[in-house]
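# Coordinates in review
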Amino acid sequence: MPDTMDDTTPALAQLLSAEELKAHWMPFTGNRQFKRDPRLMVAGRGAYYTTADGRRVFDGLSGLWTCGLGHGREEITAAVSKQMAELDYSPGFQYGHPLSFKLAHKVVQLTPPGLEHVFFTDSGSESIDTALKMARGYWRSKGKPGKAKFIGRVKGYHGVNYGGVGVGGIGFNRKLFGQSVDADHIPHTVLPENSFSRGMPDNGAHLANELEELVLLHDASNIAAVVVEPLSGTAGVLPPPKGYLNRLREICDKYDLLLIFDEVITGFGRMGSLTGAEEFGVTPDIMTMAKQITNGTQPLGAVVTRPMIYEAFIDQGGPDYMVEFPHGYTYSAHPVACAAGLAALDLLVKEELPQRVKALSGKFEAAVHSLKGSPFVTDIRNYGFAAGLSLEHYPGEPLRRPFELGVKCFEKGFYVRWGADTIQLAPPFITTEAEIDSLVNGVGEALHELARSIG
Ligand SMILES: Cc1ncc(COP(=O)(O)O)c(C=O)c1O
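Residues numbered from 1 in each chain as written. Predicted model: local features only at pLDDT ≥ 70, side-chain atom pairs only at ≥ 80, totals over all residues.

## Details of the domain arrangement of the chain
For the chain, the domain assignment lists domain 1 (39-69 + 352-453) and domain 2 (74-350). If you average the C-alpha positions of domain 1 and of domain 2, the two centres end up 26 Å apart. Contacts between the two partners involve 31 residues from domain 1 and, on the opposite side, 27 residues from domain 2. Secondary-structure elements contributing two or more residues to the side of domain 1 that touches domain 2 are helix H5 (62-65), helix H16 (353-369), strand E11 (377-383), strand E12 (386-391) and strand E15 (422-425). Element by element, the count of residues in the side of domain 1 that touches domain 2 is highest for H16, at seven residues. (Domains from an automatic or database assignment. Contact = placed C-beta atoms within 7 Å. Helix = DSSP H or I, 4+ residues; strand = E, 2+ residues; numbered from the N terminus.)

## As for the pairing of strand E1 (residues 41-45)
In terms of strand pairing, E1 meets strand E2 (residues 48-51) through four bridges, oriented antiparallel. From the neighbouring strand, Met 41 faces E2, where its bridge partner is Thr 51. Counting the residues between successive antiparallel strands, the hairpin from E1 to E2 contains two residues, one of them, Gly 46, with a positive phi of roughly 60°. (Pairing = 2+ DSSP bridges.)

## Digging into the sheet that holds E15
One open sheet accounts for four strands, arranged E11-E12-E15-E14; its pairing is antiparallel. With one partner strand each, in any of the chains shown, E11 and strand E14 (417-419) form the two edges of the open sheet. Across the sheet, the mean angle from the axis of one strand to that of its neighbour is 20°, orientation sign disregarded. Packed onto the sheet, H16 meets E11, E12 and E15 and runs at close to 175° relative to E11. Contacts between helix H17 (residues 400-411) and the sheet are confined to E12, E14 and E15, with E14 contributing the most and set at about 170° to the helix. (Axes fitted to C-alpha atoms, helices over the stretch in contact; angles between N-to-C directions.)

## Looking at the site of the ligand
Around the ligand, a shell composed of 14 residues is seen, among which Ser 123, Gly 124, Ser 125, Gly 159 and Val 264 lie nearest. Within the shell around the ligand, the residues separate by chemical class into five nonpolar, seven polar and two charged. (Near = placed C-beta within 6 Å. Nonpolar A, V, L, I, M, F, W, Y, C, P; charged D, E, K, R; others polar.)

## Observations concerning the sheet that holds strand E6 (residues 183-186)
The strand order across the open sheet formed by seven strands is E4-E10-E9-E8-E7-E5-E6, and the pairing between neighbours is mixed. Single-partner strands in this sheet number two, and they are strand E4 (117-121) and E6. On average, adjacent strands in this sheet sit at an angle of 20° to one another, irrespective of strand direction. Two elements, strand E9 (residues 286-289) and strand E10 (residues 301-305), share four bridges in a ladder whose sense is antiparallel. Counterpart to Met 289 in the pairing with E10 is Ala 302. The sheet contacts of helix H8 (residues 124-141) involve E4, strand E5 (149-153), strand E7 (223-228), strand E8 (258-262), E9 and E10, and relative to E10 the element is tilted by about 30°.

Shown next as structure tokens:
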């Protein structure tokens, strides 16, 4: 293998020097492999990227689960440009600007009844850490400071900040960083009897009872909250088993634990409803969101809570000039991000995109499950416009096959995500039936080519 891309791709070398490539320490990327053979996007329109070598690539993961409306939406560009020209930044501490209140109101309208207050962050990771602080602060304000432990779930992904890594359940993301928040974990919901399930698996509601076991072990007086994704995305698309989320809610109610849904992926459309909570019929006490709020165009996250949590902080706030929640980011509710959020959510509602996802989810499901029997495929799962394929491991190298398949797909004109031992598909909400077929055919061909290449 050559050492730098200059050796392989003269067109790319004109775009970036070897020194420039070296300077950027890329996130969640095999930096050595990438810098030998970069995959660079230079434009995006609708459901397609254009790569630096001039190829049109279908966006099979909506950016990073972010861009359901497709790329280059003029309404968002116009709103962002206008806001940049009018008010490019305004301080978020002790001062405000109208758009954040309008966006908060819009978010409340789009989340299930009972969730009424919105705290803005800049990302999913910040949203989770904000939610954890809210949960601990809530119990302190109620005179129960011992309620500080969190219960996450094995295979859960809650971003990369210290709290999120602690409640997260992905060993690879935890092992380098040592102790973070005090957390225990209920089991994941992958069961062999659910292999190749379509939509919500039939088996597995009983796994929620493991929460009760942890309550018996740690005692409810020590537990602040339970944190789960309604559907795990990063773990390879794990829809909740039927009845599972309801059971978690019942146990949280029984033992006075807060329930936090991490809806950074499921929030605003991908499940075929506005939120996972709406789709699965279970409302948490705190919901975290990010990605789809601005259609990925600006960094913005949100934490939406029940009034009891907001009011607990307000009631303990002391004199009214005092800060009730000593927390926030310089860029919380950034005016340009809020402008993007308002424009993106208007489009989502106006174009009825969650409804479109629901209408096409049967087509998507049938297409992805047609890959059963393709080389290396050991399981397929799906819900809404999200699907995960588990792939047979190379001995001792579970991450290698998905990487090889992802790169092969990219060469064939399809961007998909590889993560853990899975390939993940999450096309934009605007995807047509023909594009679903072409994406799935592309993945199928890539699997066969990979099988042929290793004999
Ligand atoms: C469920 C979930 N929570 C949190 C995050 C972290 O979000 P961010 O990368 O914006 O910090 C992600 C990102 O993929 C996610 O899927």
